Amino acid sequence: MTNSRLLPYLLVAPSVVFLGLLFVVPLVQTIVIAFTDQGGASLAHFRKMAGDLNFGLSLRNTFLLVAVVIPLQIGLALAMAVMLQKLEKGRDLVLWIWTIPLGVSDLAAGLVWLAILQDRGYLNSALFALGLIDGPTNWLSYENPTTLFIGIVLAEIWRATAIVLVILVAGFQLIPKEYNEAAEVFGATGWTRFRKITLPLLKPSLQSALILRTVLAFEVFAVVYALGGRNYPVLVGEAYTWMRDSQNDGVAAAYAILIMVISLAATLLYIRLLRTKPETQA
Amino acid sequence: MAGILIDRIRKTFGAATALSEISLEIADGEFLALLGPSGCGKTTLLRIIAGLETQTSGRVVIGDRDVSALPPKDRGLAMVFQNYAVFPHMTVFENVAFGLRMQKVDEATIKREVERAAALLHIEPYLERYPAKLSGGQRQRVAVARALAVRPAVLLMDEPLSNLDALLRLEMRSELKGVLQQSGTTTIYVTHDQTEAMGLADRIAVMHGGVIEQIGAPQMIYERPATKFVGGFVGSPPMNFIRMPVEAGRAALDGFAAHCPGSGRDILCGIRPEDMRLAPGGDGLAFRVMVAEPLGSTLLLTGKVQDQLIRVAARPDAGLKAGDTITLEPETRRIVWLDPETGRALGA
Ligand SMILES: Nc1ncnc2c1ncn2[C@@H]1O[C@H](COP(=O)(O)OP(=O)(O)OP(=O)(O)O)[C@@H](O)[C@H]1O
Ligand SMILES: [Mg+2]
């Protein structure tokens, strides 16, 4: 009796220890760095962070990016997953092609889109050849914040929609097709079936996808820096700059804490909003 | 109201043929049982009628509409699925109400109809529960209630009572029959339980290997099976088939002889276990009892006539035991003669 109750704990123990060493220790160190100044507890780093010119901007930019990219990615991935379900043959091949960007590091993804969007890039060459522009146009400069933003959004969608797709496809496969068939027999249209049957049963997968994607989106950095440098400041970018250029660990740590708090808050929000009672699952 | 015409329906899955040329006509308001062993294509046929599966060839007509190419939602029928397909994320109430909600029926009617269907299937106590908290039999009844709630003109049921205990099944069976008769619903009822088919149906279609072997009234199917398969599948214990040599239009074995049709050298004598009289000392088949099972209402004897295994239902007080040898007198009137090669019944 006692043994079988202890067994699960014994089995998870190694991973807990492993995570503890590689995650909790650095976390505690970061907290310590962020909240101490000249040997004493202090909020000085946070004050310095908040007082910085780029702070408000990077906060706003990061949230804006998350708010635009996540819904687009979820919508796109849902549509792609639905289309995949309809394929009778070649489903694996299509899924495989769609997930290729997952194999590309985010910096490389940023560079790919830089090659397309920079002033002498593929886009401009194409537009020039079509006679739509009469010389190199810099889409990614700080004078063109809208096109820079669109470029970043495009690159992010290209790079990271597939991870949402993979999670949703797995979720779709957990829903027995009988539920949709029953709904169809009882007169539900395609859209109604999607809303009343598929979406509710997909909720657990949607929740996982949202949490994973949102947390990663708040940490967006490499793509943004590849495309725009500091023309589009984001939170992680600021942390990086404080660390590298200003050699200020304290403020960088404060940024790190802020990002963590935001991610945790988003996760909690999703867990609350998309809660599924265990008895209501397929 | 709506009759159903199934016109030369074929269905193949890759190289495998699930249905080969099924034709069937079900009158408006009729209750037809599709009876057959596992894998004979019952579910496939039902799914084709519902539009969930596309036939390889053939037509389905409901009422006077050719629905062959229509999606399920436009065929105007309700269905009970073999694996229930009760929506896990909705309460029992919402499950039963689903079809009505799709028809945009007003709330008061929905409540009334759901309660009516729930009362019929004895699931009122669970209306607010989620299906995960129900037993298999309870879920199955939710699936039936969901189909009845829409008062369909055509109802397809795929083994709807298979998961209930014997008593409840008996009760549900007669209630279901009453309700469907009253509402004049055209029903196709899939089962592999022959007593259920016999008890419920106006007509039974016996399927085997993707073919309908025989269609007819239950008593007809029971007494005059068209093939050896039907005789063996319908009835418990099954019909006996005793091979007999034929000479000059008479089949004879042991001390038994009777006129028979056909022109082969051998013939199969199909005879139900209850259609053989014990005739000690008389003329007939010498039967050596190997096993005697008292079943309450009858004494079931299993034994051999020469080297052919047969079963006989004797009176419970017959007082026979393993090892006894007695004489059997088949009731000639009730014999079905079959061709031993094709297994088909021969005209008398
Ligand atoms: N989607 C499918 N793909 C391939 N073969 C199938 C498919 N569905 C059914 N079959 C085959 O068709 C035949 C008939 O199947 P069906 O489900 O109609 O049998 P059934 O009479 O309903 O059996 P049961 O009484 O066990 O439910 C079986 O041999 C089965 O293997
Ligand atoms: Mg079946």
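The rules behind these values
Residues numbered from 1 in each chain as written. Chains lettered and ligands numbered in written order. Predicted model: local features only at pLDDT ≥ 70, side-chain atom pairs only at ≥ 80, totals over all residues. Heavy atoms only, no water. Near = heavy atom within 4 Å. Polar contact = N/O pair within 3.5 Å; in protein donor to acceptor, adjacent residues only side chain to side chain. Areas by Shrake-Rupley, 256 points an atom, 1.4 Å probe, with all protein chains shown as cover. Helix = DSSP H or I, 4+ residues; strand = E, 2+ residues; numbered from the N terminus. Nonpolar A, V, L, I, M, F, W, Y, C, P; charged D, E, K, R; others polar. Contact = heavy atoms within 4.5 Å. Buried area = accessible area lost by both parts, 1.4 Å probe. Salt bridge = Lys/Arg side-chain N within 4 Å of Asp/Glu carboxyl O. Pairing = 2+ DSSP bridges. Axes fitted to C-alpha atoms, helices over the stretch in contact; angles between N-to-C directions. Buried < 20%, exposed > 50% of the residue type's maximum accessible area, 1.4 Å probe, protein only. Right-handed = clockwise from strand over helix to strand, strands pointing away. Domains from an automatic or database assignment. Patch = residues over 30% accessible without salt bridge, like charges linked within 9 Å, V, L, I, M, F, W, Y side chains within 5 Å. Disulfide = S-S within 2.5 Å. Parallel < 35°, antiparallel > 145°, perpendicular 65-115°, else oblique.

Trainee: What is the right way to look at the site of ligand 1 in this model?
Mentor: Residue and element names in this part refer to chain B. Taken together, 13 residues lie around ligand 1, and S38, G39, K42, T43 and T44 are the ones closest in. In the model, an oxygen atom of ligand 1 is placed 2.6 Å from a nitrogen or oxygen of the T44 side chain. If ligand 1 stood free it would expose 630 Å²; the protein chains cover 58% of that surface. The biggest single contributor to the shell around ligand 1 is helix α1 (residues 42-50), with three residues. Class assignment for the residues of the shell around ligand 1 results in four nonpolar, seven polar and two charged.

Trainee: Is there a simple way to think about the interface of chain A and chain B in this case?
Mentor: Frequently, the measure chosen for interface size is the accessible area removed from exposure when the parts meet. Chain A puts 22 residues into the contact, and the matching count from chain B is 25 residues. Both faces considered, chain A and chain B share a buried interface measuring about 2000 Å² in area, 73% of it formed by carbon and sulfur atoms. Counting the contacts that link chain A with chain B gives one salt bridge. As a salt-bridge pair, R47(B) and E181(A) come within 2.7 Å of each other at their nearest N and O atoms. Seen at the junction of chain A and chain B, the total is four residue pairs in polar contact (both at pLDDT 80 or more). Where the side of chain A that touches chain B is concerned, the elements lending two or more residues are α8 (177-185) and α9 (190-218) of chain A. Looking at the side of chain A that touches chain B residue by residue, the classes come out as ten nonpolar, five polar and seven charged.

Trainee: Sorry if this is basic, but what is going on with the sheet that holds strand β16 (residues 285-294) of chain B here?
Mentor: Pairing between sheet strands relies on hydrogen bonds along the backbone, with the strands arranged either parallel or antiparallel. All names here are of chain B. Reading across the sheet, the five strands line up as β15-β19-β16-β17-β18 and stay open at both edges, with antiparallel pairing between neighbours. The sheet is open, and its two edges are formed by β15 (276-278) and β18 (308-314), each paired on a single side. Each neighbouring strand pair of the sheet contributes to a mean axis angle of 45 degrees, computed without reference to strand direction. Pairing between strand β17 (residues 299-305) and β18: seven bridges, direction antiparallel. Residue pairing in the sheet places G303 in a bridge with I310 of β18.

Trainee: Help me understand the pairing of strand β8 (residues 186-191) of chain B, please; the structure alone is not making it clear to me.
Mentor: Along any regular strand the residues' side chains alternate between the sheet's two faces. All names here are of chain B. With six of its six residues buried, β8 lies for the most part within the structure. Where strand β3 (residues 31-35) lies against β8, five bridges are found, and the strand directions are parallel. Looking at the pairing, L32 lines up with I188 of β8. Of the strand pairs in this sheet, strand β7 (residues 154-158) and β8 are connected by five bridges, and their pairing is parallel. Paired with D158 across the bridge in β8 is V190. A crossover connection joins β7 to the parallel β8 through helix α5 (residues 166-183); in handedness this β-α-β unit is right-handed.

Trainee: Explanation requested: the pattern of salt bridges in the structure shown.
Mentor: Where charged atoms from two side chains of opposite charge come close, those side chains can pair. Enumeration over the complete set of coordinates arrives at 25 salt bridges over all chains. The partner of K73(B) in a salt bridge is D74(B), and the shortest N-O contact between them spans 3.4 Å.

Trainee: Honestly, the domain arrangement of chain B in this entry has me stumped. Any pointers?
Mentor: Residues and elements named next belong to chain B. Examined at the domain level, chain B breaks down into domain 1 (4-225) and domain 2 (237-338). For domain 1 versus domain 2, the distance between C-alpha centres works out to 39 Å. With five residues of domain 1 in contact, the opposing surface of domain 2 contributes seven residues. Taking both partners together, domain 1 and domain 2 bury about 520 Å²; carbon and sulfur atoms supply 40% of that area.

Trainee: Can you help me understand a nonpolar patch on the surface in this one?
Mentor: Together, L6(A), L7(A), Y9(A), L10(A), L11(A), V12(A) and V16(A) make up an exposed nonpolar region whose accessible area comes to about 750 Å². Mapped onto the elements of the fold, L10(A) is located in helix α1 (residues 2-35).

Trainee: Any chance you could explain the state of the cysteines here in plain terms?
Mentor: Linking two cysteines covalently through their sulfur atoms gives a disulfide. What the rule picks out here adds up to zero disulfides over all chains. The thiol of C269(B) is unpaired, and the distance to the nearest cysteine sulfur, on C260(B), comes to 9.4 Å.

Trainee: Whenever I open this one, the packing of helix α4 (residues 91-98) of chain A against helix α7 (residues 145-173) of chain A confuses me. Can you help?
Mentor: Packed helices, taken two at a time, are described by the angle their axes make and the gap between the axes. Residue and element names in this part refer to chain A. One can describe the packing of α4 onto α7 by two numbers: an axis separation of 10 Å at closest approach and a directional angle of 150 degrees. Compared by their axis directions, α4 and α7 come out roughly antiparallel. Taking contact as the criterion, the partners of R91, L95 and W98 in α4 are, on α7, A162, L165, V169 and Q173. The class makeup of the residues in the contact of α4 with α7 is five nonpolar, one polar and one charged.

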